Amino acid sequence: MATAAATKRAIFECLDVRLELPPLQRCILEGITLDLREGEFLTIVGGSGTGKTSLLRVLGGLTPVTSGSLLFGGQKVTGPADGVVIVFQDYSRALLQWRTVAGNVALGLEGRVSSAELKDRVANALEMVGLEKRTEDYPWQLSGGMQQRVQIARALALQPAVLLMDEPFGALDAMTKATLQDELLGVHSRTGTSYVFITHDIEEAVYLGDRVIVLGGPPGRIYNNIAIDLPSPREQIVTRQMPEFLALRAEIHAEIEKSKLAAHAVS
Amino acid sequence: MLVALALLWEAVVRFKFIEFEYLPAPSGILSAWGGLIASGEMLDQTLHTFYAVAIGWTVATALGVGLGIVLGLSATVRKWSLASFEMLRPLPAIAFLPLALLLFNFSLKTELVLIIYASLWPALVNTMGGVMNVSSQLRDVSKSMRLTRMQTLIKIVLPAASPSIVTGCRLSMGLTLVMAIIAEMLANPHGLGYAVISELQAIQPQRMFAYIIYIGLIAIGLNYILTRISNAILRNHPHVRGQNV
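All figures in this text were calculated on a predicted structure; none of them were measured in a lab.

Peer 1: Please explain the overall build of chain B as it appears in this structure.
Peer 2: The secondary structure content of chain B amounts to eleven helices and zero strands. Along its sequence from the N terminus, chain B presents helices and strands in the succession α-α-α-α-α-α-α-α-α-α-α. Taken over the C-alpha trace, chain B has a radius of gyration of 22 Å; the compact-globule value for 245 residues is 18 Å, which it surpasses by more than 25%. Of the contacts formed within chain B by residues at least 6 apart in sequence, a portion of 70% connects residues at least 24 apart. Within the structure as shown, chain B displays about 13200 Å² of accessible surface, and the carbon and sulfur contribution to it stands at 71%.

Written out as structure tokens, the structure is:
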């Protein structure tokens, strides 16, 4: 999977990106160089305070870089790019509580596509996440897992080239999380969309990713970039018991520990 | 409960347990009320007051919500104008009455100026607060979906702020009625407020009480109607709907 992806075109190209944020111009990210290939599932793992969310906001065009270059499809990123959508961790605050499930999913399409196409794309997106029977419900009538599915469907309805996901399953229980991981991989295999998936859960990073980037800090820097050569499709029980899976998990765990020591030495 | 109170009141007056020279019995008030309805006087005064309330409230809430949205959206506008608004807001509208009288004489204009000045603020302050409190997460969602500023305002900011806006408009209505009555008592010889005062001056306590109770009923009725309307507007906002009953 990873070797096949490596031959594909890069969608995002990040070169020596540095990010400082006001009011103190504190350095949040430095020397970030990475690229995201077409159709690739990239996971970024790191402890809290390592700048994971900041990196995602930079890629999503919500925060401009302080220095370095960031290209999307060969173009310099100056704001949220067409074809890049963020899925936020806090689904209850990211959904419009006064709109139905279908209304939420339609948000990015209204006024941009014909009403027939809108209906079609909303229905498709909701089917992909298994919510086709809850279209007229309101978010507050759904469980946490379902609400996060609505947010994912809302992003998918835009048919993005890249989905940026900020710890989307971080607030969910283990069983819901496992189900959603498999659904997400299913959606990934059916569409050409690339993913950048942020998590602090090492197992999740290995299970989902074609490639895992280890972020350490602060300030956030890339400590390692590991290709995951596990067979697809992945399977909760089989994949997680493979010796390769366990070895990768141990390796990434060790990398994170190393990055903590390194960050400590820097500061 | 109310009936028992009315009966007690009737008994107190009729059997002179306590003596007030001008306290009418409920039965007297009711018959005076009937006379006011029959002569059409009450209807005339009601129509005037309703007219002033409708115009005053519409202008006040339109101005208040409009200014509140601009102030809520733009930190720059807030920076340059909020201090002035905070200077003007606590000034009691009634203190402007002599000024309004000088400018507009004893007229509907004077009444409307007072109404609008007083009932502008709840709509303005609540709208501004509601718009400023829209979560930054929702704003990020809107940016990430590349919504235009206009789309963000209409699809996200206004619906998210609508509970505060509706509350502000309801609070404004309370003040509108109060100011209309006061203005009619002091500055515009028409309407229900004027009716109360002129019955007082004519030493017609029964008719005066009839008007006072009637004004109370109107206030309760207006509040009931507005509550129903705001619940209808906020039917999709489950977290606030309960608080608006």
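Peer 1: In this structure, what is going on with the interface of chain A and chain B? I would like to understand it.
Peer 2: How big an interface is tends to be expressed through the accessible area that disappears when the partners come together. Listed by partner, the interface residues are 26 residues for chain A and 19 residues for chain B. Of the roughly 2100 Å² buried between chain A and chain B, counting both surfaces, carbon and sulfur atoms make up 59%. Counting across the chain A and chain B interface gives three salt bridges. Where K155 of chain B meets E110 of chain A, a salt bridge forms, and the shortest distance between an N and an O atom there is 2.7 Å. Inspection of the chain A/chain B interface yields seven residue pairs in polar contact (both at pLDDT 80 or more). Going through the elements one at a time, β6 (84-87), α3 (91-94) and α6 (144-156) of chain A are the ones with two or more residues in the side of chain A that touches chain B. Counting residues per element, the side of chain A that touches chain B draws most heavily on β6 of chain A, at three residues.

Peer 1: Just checking my understanding: could you explain the sheet that holds strand β1 (residues 10-21) of chain A for this structure?
Peer 2: By definition, the strands of a sheet pair up through backbone hydrogen bonds, in either a parallel or an antiparallel sense. Residues and elements named next belong to chain A. As summarised here, the arrangement of the four strands in space is β2-β1-β4-β5, forming an open sheet in which the pairing is antiparallel. Looking at the sheet topology across the chains shown, the edges are occupied by β2 (26-37) and β5 (75-76). Bridge count for β1 against β2 is eight bridges, and the pairing is antiparallel. By the bridge assignment for β2, L19 is matched with L29. Set on the sheet, helix α2 (residues 52-59) makes contact with β1, β2 and β4 (67-72); between it and β2 the angle comes to about 60°.

Peer 1: Honestly, the environment of S54 of chain A in this entry has me stumped. Any pointers?
Peer 2: Residues and elements named next belong to chain A. One can find S54 in helix α2. Take S54: its relative accessible area is 17%, and that puts it in the buried class. Sequence separation of S54 and I28 is 26 residues, and the distance between their C-alpha atoms is 7.5 Å. Here S54 is in contact with L19, I28 and L29, once residues within four sequence places are set aside.

Peer 1: Any chance you could explain the nonpolar core here in plain terms?
Peer 2: Soluble globular proteins tend to pack their nonpolar side chains together in the buried interior. Grouped together as the largest cluster of nonpolar side chains are 99 residues, with contacts concentrated most on F12, L164 and I252 of chain A. Top contributing element to this core by residue count: helix α8 (residues 149-186) of chain B, with six residues. Once residues lying within four places of it in the same chain are set aside, the contact partners of F12 of chain A are L34, D35, L36, L59, L70, L71, F72, V77, V84, V162 and L164 of chain A.

Peer 1: Just to check I follow, could you spell out the pattern of salt bridges for this structure?
Peer 2: Oppositely charged side chains can pair when the atoms bearing their charge come close. All names here are of chain A. Evaluated as defined, the whole model comprises 23 salt bridges over all chains. Two residues, R249 and E203, come together in a salt bridge whose shortest N-O distance is 2.8 Å. With R249 in helix α10 (residues 243-266) and E203 in helix α8 (residues 202-208), the pair connects residues that are 46 residues apart, well separated along the chain. K258 is the salt-bridge partner of E255, the closest N and O atoms lying 3.5 Å from each other. With E255 and K258 both in helix α10 and three residues apart, this pair spans about one turn of that helix. Overall, K258 belongs to the exposed group, its relative accessible area being 52%. Bridged by salt links that share partners, the residues R18, E20, E30 and R221 form one connected network.

Cut-off values and rules
- Residues numbered from 1 in each chain as written.
- Chains lettered and ligands numbered in written order.
- Predicted model: local features only at pLDDT ≥ 70, side-chain atom pairs only at ≥ 80, totals over all residues.
- Heavy atoms only, no water.
- Helix = DSSP H or I, 4+ residues; strand = E, 2+ residues; numbered from the N terminus.
- Rg over C-alpha atoms; globule rule 2.2 N^0.38 Å.
- Contact = heavy atoms within 4.5 Å.
- Areas by Shrake-Rupley, 256 points an atom, 1.4 Å probe, with all protein chains shown as cover.
- Buried area = accessible area lost by both parts, 1.4 Å probe.
- Salt bridge = Lys/Arg side-chain N within 4 Å of Asp/Glu carboxyl O.
- Polar contact = N/O pair within 3.5 Å; in protein donor to acceptor, adjacent residues only side chain to side chain.
- Pairing = 2+ DSSP bridges.
- Axes fitted to C-alpha atoms, helices over the stretch in contact; angles between N-to-C directions.
- Buried < 20%, exposed > 50% of the residue type's maximum accessible area, 1.4 Å probe, protein only.
- Core = buried A, V, L, I, M, F, W, Y, C linked by side-chain atoms within 4.5 Å.

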